[in-house]
Each structure stands twice: as structure tokens, then as C-alpha cells.
Amino acid sequence: WGYVCGYPTTNGDLYGGGLYAPSSCATLTPQGRAIQDASNRFGNGQTLPFTPCKRGYIPEVRGERMYACHLHNKFRRNRVMKDRWCFRAGEKNLMDFWNNVEGTIVKEE
């Protein structure tokens, strides 16, 4: 799929910084553009203010919709459920991955 979980963690390395942002990959590859976009929206344009999970994200596993990687799925699903099935502003709307489902609204903060 080519997507990472992105769930905020308390340990790990920062996604961004001098290694990623100034490189040509920041504009040439989908992952580079996503890293640059996230660091512009949520950080200082060079790095994120938190360490994101870099495990792979697969939208559906054995017929079950996934909200994050297998380690963080329960946490993100519970948070989305608590927010009345709305995704936060700036958060990827997972409905883009799930087919034939309607009714989810992006929550503005």
C-alpha cells in the first residue's frame, strides 16, 4: 500500500529533520511529499513535534477495517468512535480507503 500508521508514539526517531526535508526525495516521491506536507502542517516545516509510528498501514485485513497498524488500531478506532466517527482536521480520512461506505464527516478543530 505504501502508507505508514503515523500514530503518535512516545519513542523512536523523528520523521523529518535535516536528513529528509532538504533531500530531493522530499519532492520526488509520494512518501517524501507526505513527510514534507505533514511537517509543514504539524511541525516547523523540518520535522514533526512527535515521533510517529512507521509501521505499515493496510486499510482492510481479513474483512475488518483498520484504523492504524495492528498495534495502534484499537487506540485510533476508540478515539474515532469517541469523536462520533469523525476524523480530525488534518487527519487522513480513512473513508478514502474503504469502499462503499458513507456518512463520515471530517471534524474541524
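Preceding this section is the structure that the text describes.
## Considerations on the overall build of the protein chain
- For the protein chain, the count of helices and strands is 4 helices and 8 strands.
- Written out in order from the N terminus, the α and β elements of the protein chain read β-β-α-α-α-β-β-β-β-α-β-β.
- Across the 109 residues of the protein chain, 33% fall into the buried class.
- Contacts in the protein chain between residues far apart in sequence, at least 24 positions, make up 49% of those at least 6 positions apart.

## A short note on the pattern of salt bridges
- Enumeration according to the criterion identifies 6 salt bridges in this entry.
- Here Glu 91 and Arg 76 are joined by a salt bridge, their closest N and O atoms 3.7 Å apart. Here Glu 91 is found in the loop between strand 7 (87–88) and strand 8 (106–107), whereas its partner Arg 76 is found in helix 4 (residues 73–82), with 15 residues between them in sequence.
- For Glu 91, a relative accessible area of 21% gives the class partly exposed.
- Of the residues examined, Arg 76 reaches a relative accessible area of 13% and is grouped as buried.

## Concerning the state of the cysteines
- What the rule picks out here adds up to 0 disulfides.
- Among the cysteines around Cys 5, which has no disulfide bond, Cys 69 carries the closest sulfur, lying 3.7 Å off.
- On the basis of relative accessible area, Cys 69 is assigned to the buried category, the value being 2%.

Parameters and conventions
Residues numbered from 1 in each chain as written. Predicted model: local features only at pLDDT ≥ 70, side-chain atom pairs only at ≥ 80, totals over all residues. Heavy atoms only, no water. Helix = DSSP H or I, 4+ residues; strand = E, 2+ residues; numbered from the N terminus. Buried < 20%, exposed > 50% of the residue type's maximum accessible area, 1.4 Å probe, protein only. Contact = heavy atoms within 4.5 Å. Salt bridge = Lys/Arg side-chain N within 4 Å of Asp/Glu carboxyl O. Disulfide = S-S within 2.5 Å.

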